[in-house]
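As a plain string of letters, each chain reads:
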Amino acid sequence: MTIHLLARSKLGPDRIRSRDRDAWNGLVAAEHQRLFNLHLRLCGDRETAADLTQETFKAAYETAHNFAGRCKPETWLYGVALNISRNWFRRQGRVSTPEPVDDTLPDPEPTPEQLALLHEQSHRVHEAVAALPQTYREVVALRYFADVPAVEIAAAERVPAETVRWRLHRGLKLLWAALAPELGKEQTHDTAAQ
Amino acid sequence: MTRRPNDTLTPLEETLTNLPQEEAPADLEDRCLAALDAAQAAGPAPLEGPDAIRRKRPVPWNHFAIAAAASLLIALVAMPLLTQVREKAPGRTFDLYQSYDASGPSGPTATTRNSRTASAPAPAAPAQEPPEVTFGRRHASYQSVLDKDRAKTEAEETPAPPPGGPAAGRVVTSTVNEGYGRSFGQDSAGAQRAPRREDGQVAQVPERKVRDATAPPPPVVQAGGELRLAQTVPAPGMPEAPPATDAVVPAPAEPWNDRSGDRKKISTRDMTIETPNVEAVYQQAVSAIEKVGGYIAHEDLVMQDEEPDRATIAARVPAASFDAVVQQLRGLGKLVKLTGSSEDRTQEYQSRAADIRALSDAEQQMVRRYDNASAEQKRVLRAALDELRHSREKEKQALLKLAAETSYAYLDIAIVEGGHFWHNLQDKCAAALPFAMALALVALPFFVVAMVWRRRG
């Protein structure tokens, strides 16, 4: 942690653009774990996520001269990661889940028991996030799994911050709409087992 | 793994944020560093700082915008100034038009002295007195002849008044109409020139008696347009024996006896002067003309509100002082137009003079023979003498008319209001504005394309 903090304090746009190896080594050390989780939530496979993480750092290093310095290097890196993920989806021929037309989904209001179930069965969450439409999947993964603030997501994708917040809200509703029935069955099953 | 401080999150968001993270493979960091090594080995040399971005993606919109702005500025500022400078450049040439021809062949002829002087750059001459006698015996002879002629005619008998009327006669306001090609109209009100009287007699020149002491009179023109002069009294403007001075060479009294060899030319000038003060320049022009012995045949001055002032002057100036007067007038304002012509009638002049002399010699021979002739021979000689004298008289009339035309040059002056700097600049800017607008329209698409390109880049 100390090393990561020290590496982050030395990260500057000029050093990133100039491909300073020390700066880039620090960036890899600080962000490779988070990028791995991001790709894991987006693609659903560990090995694929590792490959995509490696490919993200490689592509970012090659296009470091394009970094204008308008956002944090980490934010810019997440933007590169999203492009890598999209390219992978296109290569796989995977069609994004169509966006539901119904806009009357209720707001998520999980019970404490359901939240505890979510925490225990995180794989369900990951699967549900992977099943979301691409637009919502990316912002949800960035916000909750990569811990990137909504403002930085907006800067990375060059959209207004309000658009990102709306996508997050919409994505959560879709996610809960997919998780709630499963969690309800689990609760019923547990109650019956007891 | 480090976590950022959580914002205000819903329970679901907080749960999602706190979900246990998957641990990355142990060699993931090494694999990423190895990928950087491979990229560094294969990629181009690292670029320095923001220069990399600028070289990668140049922004041409700045250049287009600057070029468009510079073009507009140049068009609005430089063009009017360049036009002003060009108009003031020396070496302007003027066009020649057909000369006024009273009796000789029509059509333009080659100019000699006048064209050469007009093509050379003429510095603005300050207002000053007309030059003294500097053209040699010709100017001096004419001036002295005019003075002598005036004194001589004043001592002659007063001609008989025209029948049926007093001696007031009719004021003639036009001279040599057929030669000048226009009608002068009436003299302007308040003119200080003495009216010219019509002469019903052939032998006298009555207008000389009321001639202005400062201006020589023009030749008298009757209704028929023919020039009638006495046989013995020299016509106005004709050279006489000049006073014996150091700078003047004696000239023959009569044109048919003029053997000086001077060139006889009919000169005309048409000039337009632009000035902010039309009335002042008008007064100066009239003064300059009258000082050299010229006179105003017609003048017109118009000054109205909301209308540019203008004045026109039709004058006749002694040929010897013509160039000096023109130079002086050019210095009164901005010369907008200068056209002129000059017709050399020297050959015709000398030819007619020689013919008259030959006829006079023949007359003298006949007169000598008349005393010793018989009655029949005398009758024949009388008839021959009458015919000879009639022919000689016609030649003299033509020669006198030609001498009158060559002794005075024609000068038309138009004085118009203008020359205000800001007005000129305003006019030039208005003329340049369409060009500037066209340039802006051409540059605008480039500017828009560059802006869109920059945003998309």
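A.B. asks: Quick question: what am I supposed to make of the overall build of chain B here?
C.D. replies: Regarding its fold elements, chain B presents 12 helices and 5 strands. Out of the 457 residues in chain B, the part that is buried amounts to 40%. Relative to all contacts within chain B whose residues are 6 or more apart in sequence, the contacts with residues 24 or more apart total 77%. About 25100 Å² of surface is accessible on chain B, with carbon and sulfur atoms providing 56% of the total.

A.B. asks: It is not clear to me how the overall build of chain A should be interpreted in this structure. Could you clarify?
C.D. replies: Broken down by element type, chain A carries 10 helices and 0 strands. Taken from N to C terminus, the helices and strands of chain A fall in the order α-α-α-α-α-α-α-α-α-α. A separation of at least 24 residues holds for 70% of the contacts in chain A among residues at least 6 apart in sequence. Surface exposure of chain A reaches about 9000 Å², of which carbon and sulfur atoms provide 53%.

A.B. asks: Sorry, what's going on with the sheet that holds strand β1 (residues 265–275) of chain B here?
C.D. replies: Paired through their backbone hydrogen bonds, the strands of a sheet run either parallel or antiparallel. Residue and element names in this part refer to chain B. On the basis of which strands lie adjacent, the open sheet formed by 5 strands has the order β2-β3-β5-β1-β4 and mixed pairing. Looking along the sheet, the strands with just one partner apiece sit at the ends: β2 (295–302) and β4 (334–344). Neighbour-to-neighbour, the strand axes of the sheet open up by a mean angle of 10°, direction not taken into account. In terms of strand pairing, β1 meets β4 through 10 bridges, oriented antiparallel. Bridged to I266 within β4 is E343. Across the sheet, helix α8 (residues 278–291) lies against β1, β2, β3 (310–318) and β5 (408–417), angled at about 10° from β3, the strand it touches most. Across the sheet, helix α9 (residues 322–330) is in contact with β1, β3, β4 and β5; its angle to β1 comes to roughly 10°.

A.B. asks: Looking at this structure, how should I read the packing of helix α7 (residues 122–130) of chain A against helix α8 (residues 134–145) of chain A?
C.D. replies: For any two helices packed against each other, the geometry comes down to the angle between their axes and how far apart the axes lie. Residue and element names in this part refer to chain A. Interaxial distance between α7 and α8 falls to 9 Å at its minimum, and their mutual angle equals 145°. Packed against α7, whose contacting residues are V125, H126, V129 and A130, the element α8 presents R137, V140 and F145 at the interface. Residue classes in the contact of α7 with α8 are distributed as 5 nonpolar, 1 polar and 1 charged.

A.B. asks: Please clarify how the side chain of K396 of chain B should be interpreted in this entry.
C.D. replies: All names here are of chain B. Here K396 shows up in helix α11 (residues 375–407). Here K396 sits buried without a salt bridge, and the closest side chain of opposite charge, E393, lies 5.3 Å off (N-O distance). Sequence-distant contacts of K396, that is, excluding residues within four places in its chain, are made with W256 and I356.

A.B. asks: Would you explain the environment of R259 of chain B in this entry?
C.D. replies: Structurally, the position occupied by R259 of chain B is in the loop between α7 (177–180) and β1. When the C-alpha positions of R259 of chain B and A353 of chain B are compared, they lie 9.0 Å apart, and in sequence the two are 94 residues distant.

A.B. asks: Sorry if this is basic, but what is going on with the interface of chain B and chain A here?
C.D. replies: Often, the extent of an interface is quoted as the loss of accessible area upon association of its parts. Opposite the 39 residues of chain B that make contact, chain A presents 52 residues. Here chain B and chain A share an interface that buries about 4300 Å² over both sides, 59% of which is from carbon and sulfur atoms. Taken together, chain B and chain A are joined by 4 salt bridges. Close ionic contact of R31 of chain B with E47 of chain A constitutes a salt bridge, the shortest N to O distance being 3.8 Å. The tally of links from chain B across to chain A stands at 10 residue pairs in polar contact (both at pLDDT 80 or more). Listing elements by their share of the side of chain B that touches chain A, those giving two or more residues are α1 (11–17), α2 (28–42) and α3 (49–56) of chain B.

A.B. asks: How do you make sense of the confidence of the model for chain A when you look at a structure like this?
C.D. replies: All names here are of chain A. When pLDDT is averaged along chain A, the result is 79, and 83% of the positions lie at 70 or above. Per-element confidence in chain A is highest for helix α4 (residues 46–62), whose mean pLDDT is 92, and lowest for helix α1 (residues 2–9), whose mean pLDDT is 41. Per-residue pLDDT stays below 50 along residues 1–10; that stretch engages in 10 contacts with residues further than four places along the chain or on separate chains.

A.B. asks: How do you make sense of the nonpolar core when you look at a structure like this?
C.D. replies: Grouped burial of nonpolar side chains is what soluble globular proteins tend to show. Grouped together as the largest cluster of nonpolar side chains are 66 residues, with contacts concentrated most on W24 and L38 of chain A. Apart from residues lying up to four places away in sequence, W24 of chain A is in contact with R15, I16, R19, F57, A60, Y61, A64 and W76 of chain A together with L36 of chain B. Ranked by size, the runner-up nonpolar core spans 26 residues in total, among them A311, F322, L411 and I415 of chain B.

A.B. asks: I tried to follow the pairing of β1 of chain B on my own but got confused; where do I start?
C.D. replies: For a regular strand, the rule is simple: side chains alternate between the two faces of the sheet. In terms of residue burial, β1 of chain B counts as a mostly covered element, since 11 of its 11 residues are buried. Alternating positions in β1 of chain B separate into two faces, K265, S267, R269, M271, I273 and T275 of chain B on one and I266, T268, D270, T272 and E274 of chain B on the other, with burial throughout.

A.B. asks: Would you take a moment to explain α7 of chain A for this structure?
C.D. replies: Three or four residues apart is the spacing at which side chains of an α-helix point the same way, because the helix has 3.6 residues per turn. When α7 of chain A is considered as a whole, its buried residues turn out to be S122, V125, H126, A128 and V129 of chain A. Summarising the axial view, the buried residues of α7 of chain A lie within an arc of 165°, below the 170-degree limit, and thus occupy one face.

A.B. asks: Honestly, the environment of L27 of chain A in this entry has me stumped. Any pointers?
C.D. replies: Residue and element names in this part refer to chain A. Residue placement: L27 occurs in helix α3 (residues 21–43). Note on L27: relative accessible area 0%, which makes it buried. Considering only alpha carbons, one finds L27 and L77, 50 residues apart in sequence, at a separation of 9.4 Å.

A.B. asks: Honestly, unusual backbone geometry in this entry has me stumped. Any pointers?
C.D. replies: Among all residues except glycine, the phi angle is most often negative; among peptide bonds, the trans geometry is most common. Residue and element names in this part refer to chain A. A positive phi is found at R19, a non-glycine position, where the angle reads about 60°. Residues other than glycine seldom take positive phi values, yet D147 does so here, at roughly 55°. D147 sits in the buried class, given a relative accessible area of 5%.

Criteria and thresholds
- Residues numbered from 1 in each chain as written.
- Chains lettered and ligands numbered in written order.
- Predicted model: local features only at pLDDT ≥ 70, side-chain atom pairs only at ≥ 80, totals over all residues.
- Heavy atoms only, no water.
- Helix = DSSP H or I, 4+ residues; strand = E, 2+ residues; numbered from the N terminus.
- Buried < 20%, exposed > 50% of the residue type's maximum accessible area, 1.4 Å probe, protein only.
- Contact = heavy atoms within 4.5 Å.
- Areas by Shrake-Rupley, 256 points an atom, 1.4 Å probe, with all protein chains shown as cover.
- Pairing = 2+ DSSP bridges.
- Axes fitted to C-alpha atoms, helices over the stretch in contact; angles between N-to-C directions.
- Nonpolar A, V, L, I, M, F, W, Y, C, P; charged D, E, K, R; others polar.
- Lys, Arg positive; Asp, Glu negative; His and termini not counted.
- Salt bridge = Lys/Arg side-chain N within 4 Å of Asp/Glu carboxyl O.
- Buried area = accessible area lost by both parts, 1.4 Å probe.
- Polar contact = N/O pair within 3.5 Å; in protein donor to acceptor, adjacent residues only side chain to side chain.
- pLDDT = per-residue confidence, 0-100.
- Core = buried A, V, L, I, M, F, W, Y, C linked by side-chain atoms within 4.5 Å.
- Arc of directions from axis to C-beta.

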